[in-house]
Amino acid sequence: MNTRTEHPDAAARLIERIIELFEKIPHCLIAFIARFSIAAVFWKSGQTKVEGLAIDLIDGTFQLGVPRLADSTIPLFKSEYPVPLLSPELAAHMAAFAEHFFPILILVGFATRFSALALLGMTLIIQTFVYPDAYPTHGTWAAVLLYLMARGPGVLSIDHLIAKRFRAV
């Protein structure tokens, strides 16, 4: 047999096998990494807006206290983060709350799809009104959030435990 005709078949089979291996990557792994990563993005942003509470599991920062807006937060919303229809004070409080509350829910996998929807809405507002040139970053966030909305948080989540409990009834 001619080696020229066998080589493309062998290459095609190798590519198919590699694709089959990729397709075996479990959803629970992808979902967990997606949850951890997107939660970290929003949590870290929220941490820049508050004082009195600082938690970063990666660098070991751990300061418990009553969170309050940092002195620089409202001026930032007046100058750099203006959002139509909301006062800078209200927008600052809403953003700081959302960037802490929804990442916690996503991280533990509770109300994951709805929390992802909330952060997707926030991402769209940021893209539209604050940083319209940051579409590559916001597109990445949107893709992760849409994945979580479409596929859910995976088996390593409170949502899964709740669904499992109610299916058993």
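Residues numbered from 1 in each chain as written. Predicted model: local features only at pLDDT ≥ 70, side-chain atom pairs only at ≥ 80, totals over all residues. Heavy atoms only, no water.

**Here we look at unusual backbone geometry**
Put simply, the rule reads: Strands are runs of DSSP state E lasting at least 2 residues, helices are runs of H or I lasting at least 4, and numbering of each runs from the N terminus. Think of it in three bands: residues with accessible area under 20% of the maximum for their type are buried, residues over 50% are exposed, and the middle band is partly exposed, with areas taken using a 1.4 Å probe on protein chains only.
Within the chain, L85 stands out as a residue other than glycine whose phi angle is a positive 75°. Within the secondary structure layout, L85 lies in the loop between α3 (73–79) and α4 (88–108). On the basis of relative accessible area, L85 is assigned to the exposed category, the value being 89%. Despite not being glycine, A111 has its phi angle at roughly 55°, a positive value. Within the element layout of this structure, A111 appears in the loop between α4 and α5 (112–130). Residue class for A111 comes out partly exposed when judged on its relative accessible area of 27%.

**A closer look at the side chain of D159**
Put simply, the rule reads: Counting rule applied: Lys, Arg positive; Asp, Glu negative; His and chain ends not counted. Each reported salt bridge corresponds to a side-chain nitrogen of Lys or Arg within 4 Å of a carboxyl oxygen of Asp or Glu. We call two residues in contact whenever any of their non-hydrogen atoms come within 4.5 Å of each other.
Tracing the backbone shows D159 in helix α7 (residues 158–168). This buried residue, D159, is left without a salt bridge; R113 holds the nearest opposite charge, at 6.2 Å. Each residue touching D159, except ones within four places of it in the same chain, is listed here: G109, F110, A111, T112 and P153.

**Re the nonpolar core**
For soluble globular proteins, nonpolar side chains are generally found buried alongside one another. Our working definition: Working definition of a nonpolar core: buried Ala, Val, Leu, Ile, Met, Phe, Trp, Tyr and Cys residues. They are joined through side-chain atoms within 4.5 Å.
Formed by 26 residues in total, the largest nonpolar core has its most connected members in I38, F42, I106, L119, M122, L145 and L148. Going through the elements one at a time, α2 (27–47), α4, α5 and α6 (135–151) are the ones with two or more residues in this core. Per element, the largest residue contribution to this core is eight residues, and it comes from α4.

**Here we look at the pattern of salt bridges**
Evaluated as defined, the whole model comprises three salt bridges. Measuring nitrogen to oxygen at the nearest pair gives 2.6 Å for the salt bridge that ties D56 to K44. Residue D56 is found in strand β2 (residues 54–56), and its partner K44 is found in helix α2; the two are separated by 12 residues along the sequence. Its salt-bridge partner being R68, residue E51 comes within 3.7 Å of it at the nearest N-O pair. In this pair, E51 sits in strand β1 (residues 50–51) while R68 sits in strand β4 (residues 68–69), placing the two residues 17 residues apart along the sequence.

**With respect to α2**
This is how the line gets drawn: Helix span is expected to be 1.5 Å times the residue number reduced by one.
With 21 residues, α2 ought to run about 30 Å at 1.5 Å a step, and its terminal C-alpha atoms sit 30 Å apart, in line with that. Those residues of α2 that sit buried are H27, A31, A34, R35, I38, A39, F42, W43, G46 and Q47.

**Looking at the layout of surface pockets**
Stated precisely, the cut-off is as follows: Using a grid of 1 Å spacing that covers the protein atoms alone, one calls a set of points a cavity when a 1.4 Å probe fits there but cannot get out, and a pocket when the set is open and has protein on both sides within 12 Å along at least five of seven lines; lining residues are those with an atom within 4 Å of a point. Grid points are joined across faces, edges and corners, and a volume is the space filled by probe spheres set on the points. Throughout this entry, Asp, Glu, Lys and Arg are counted as charged residues, while Ala, Val, Leu, Ile, Met, Phe, Trp, Tyr, Cys and Pro are counted as nonpolar. The remaining residues, Gly among them, count as polar.
As a volume, the largest pocket reaches approximately 440 Å³. Around the largest pocket, the lining comprises 20 residues; the ones closest to its centre are F77, A95, M122, I125 and I126. Elements with a contribution of two residues or more to the lining of the largest pocket: α4, α5 and α6. Among the elements that make up the lining of the largest pocket, the one with the highest residue count is α5 (six residues). In this structure, the second largest pocket encloses a volume near 300 Å³. In terms of lining residues, the second largest pocket is bounded by F36, A39, A40, W43, K44, I55, D56, L57, I58, P103, I104 and L107. Counting residues per element, the ones that place at least two in the lining of the second largest pocket are α2, β2 and α4. Sort the elements by how many residues they give to the lining of the second largest pocket and α2 lands first, with five residues. Taken together, the residues of the lining of the second largest pocket sort by class into 10 nonpolar, no polar and two charged.

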